[in-house]
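Okay, here's what each chain looks like letter by letter:
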Amino acid sequence: FVATTRLGGGGRRGRIFSPLFLTRRSPIEANAGWLTSARLSTSANSNDSSSSQPRMKNPLDAGNFVGLHNLRDNPGAVKKRKIVGRGPGSGRGKTAGRGHKGQKSRGRMGKPFFEGGQTPLHRKLPKRGFKNVNKIRFEPVNCDILVERIKQGRIDPSRTITIKQMYDAGLCNGIRHGVKLLAKGIEELATLDRPLKIEVSHASKEAKIAVEELGGQVTLRYFNKRALRAHIKPHKFHPNLVPGPSIPPPRLRERYLPYMEEELLEYYPHLYRDVEEMRTAIEEQQKKTDSADA
């Protein structure tokens, strides 16, 4: 039984005052100490032979344990929000602590990069370079990482390794225009027991030669943004709305046309004339290159 007293008069406004309040401990901590002492006294009176051995100190006696009843932030970790403009009784009403008139009382103080009227730093320094908005940025994939994923069983080497399989295996993220195969770790390709068939957006010359020397094949395929999204995440497209093969722009047709010619002509018969002209231009350019080398 704990003696209590009511302070501040009777009625609903009276507060219950007990000795637990003086100890500055929660009821759970106070009761835990009483229960622990009762258990220890009971065990001391028993005739058990193990009672003579020293008992471990109960952590509840120390009062410094962590529980759901005393979890809190460190002092000063949470700062109370400043409430302004809610009447004169708070001391920050009407003008909200900003005073009367002046630049500091109106809206946001100053403008970004404003230096009081003098020439700001971003106008003193000269302009340099530019950002090419038409640049194609491929996500790189090295041969050593590709072989590592194959050995881990995350990529099936018996099938054509596409951009989707590389994406699912965690080789590339945030693909914007495609994936490029690089030659870092090409010596790891010889450790595989079978040649690889890889389909990517681009490949370095060394990586392509290394794959083909081992009996593999590297195929280049062009994707526009919508077709690339449908290739990587087909579950987001209705089967009847999946886009067809992407037509490469004129500046990239020389790179992709030898690999996509049959598929494009089958899906877009009206491109037959353009494909023939492009094929003739590629052959003439190849002849000029061979004659120059000779």
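For the structure, see preceding data.
Anyway, here's the lowdown on the structure attached to this text. Computed from a predicted model, the values in this text were never measured in an experiment.

**Overview of helix α7 (residues 205–213)**
Helical periodicity: at 3.6 residues per turn, an α-helix aligns residues three or four positions apart in one direction.
At step 1: Among all positions in α7, only A207, A210 and V211 are buried. The buried side chains of α7 occupy one side of the element, clustering within an arc of 95° when seen end-on. In α7, the exposed residues that point more than 90 degrees away from the buried face are K205 and E213.
At step 2: Among the structural elements, α5 (143–151), β4 (179–182), β5 (197–200) and β7 (217–220) are those in contact with the buried residues of α7.
At step 3: After α7 finishes, the residue G215 shows a positive phi value of roughly 95°.

**Structural notes on the pairing of β4**
At step 1: Side chains of β4 alternate between two faces, with V179 and L181 buried and K180 and L182 left unburied.
At step 2: Where strand β3 (residues 139–142) meets β4, four bridges bridge the pair, whose relative direction is parallel. When the bridges of β4 are listed, V141 appears paired with L181.

**What to know about the sheet that holds strand β6 (residues 202–203)**
At step 1: Strand order in this open sheet of three strands is β3-β4-β6, and the pairing throughout is parallel. The open sheet has two edge strands, β3 and β6, and neither has a second partner.
At step 2: Examined bridge by bridge, β4 and β6 share two bridges and lie parallel to one another. Residue L181 lies in a different strand from β6, and its bridge partner there is A203.

**Thoughts on a nonpolar patch on the surface**
At step 1: A grouping of V66, L68 and L71 is seen on the molecular surface, where their side chains present a nonpolar patch of about 390 Å² in accessible area.
At step 2: Among the secondary structure elements, V66 is positioned in the loop between α3 (59–62) and α4 (121–124).
At step 3: Using a relative accessible area of 66% as the deciding quantity, one classes V66 as exposed.

**With respect to the nonpolar core**
At step 1: Core analysis: the largest hydrophobic core is formed by 40 residues, its most contacted members being L146, I161, M166, V179, L181, I198 and V200.
At step 2: Secondary structure elements with two or more residues in this core: α5, α6 (163–168), β4, β5, α7, β7, α8 (225–232) and α9 (253–267).
At step 3: In this structure V179 touches F138, E139, V141, I163, M166, C172, V200, S201 and H202, once residues within four positions along its chain are discounted.

**Things to note about the pattern of salt bridges**
At step 1: The full count for this structure, using the stated rule, is two salt bridges.
At step 2: Notably, a salt bridge pairs K164 with D168, separated by 3.3 Å at the nearest N-O pair. Separated by four residues within a single helix, K164 and D168 lie in helix α6, roughly one turn from each other.
At step 3: With relative accessibility at 26%, the residue K164 sits in the partly exposed group.
At step 4: The exposure class of D168 is partly exposed, given its relative accessible area of 49%.
At step 5: E263 serves as the salt-bridge partner of R221, at 2.6 Å between the closest nitrogen and oxygen. One end of the pair, R221, is in the loop between β7 and α8; the other, E263, is in helix α9, with 42 residues separating them in the sequence.
At step 6: Relative accessible area serves as the criterion here: at 16%, R221 is assigned to the buried category.

Parameters at a glance
Residues numbered from 1 in each chain as written. Predicted model: local features only at pLDDT ≥ 70, side-chain atom pairs only at ≥ 80, totals over all residues. Heavy atoms only, no water. Buried < 20%, exposed > 50% of the residue type's maximum accessible area, 1.4 Å probe, protein only. Helix = DSSP H or I, 4+ residues; strand = E, 2+ residues; numbered from the N terminus. Arc of directions from axis to C-beta. Contact = heavy atoms within 4.5 Å. Pairing = 2+ DSSP bridges. Patch = residues over 30% accessible without salt bridge, like charges linked within 9 Å, V, L, I, M, F, W, Y side chains within 5 Å. Areas by Shrake-Rupley, 256 points an atom, 1.4 Å probe, with all protein chains shown as cover. Salt bridge = Lys/Arg side-chain N within 4 Å of Asp/Glu carboxyl O. Core = buried A, V, L, I, M, F, W, Y, C linked by side-chain atoms within 4.5 Å.

Scope: geometric values only; no functional claims are made or implied.
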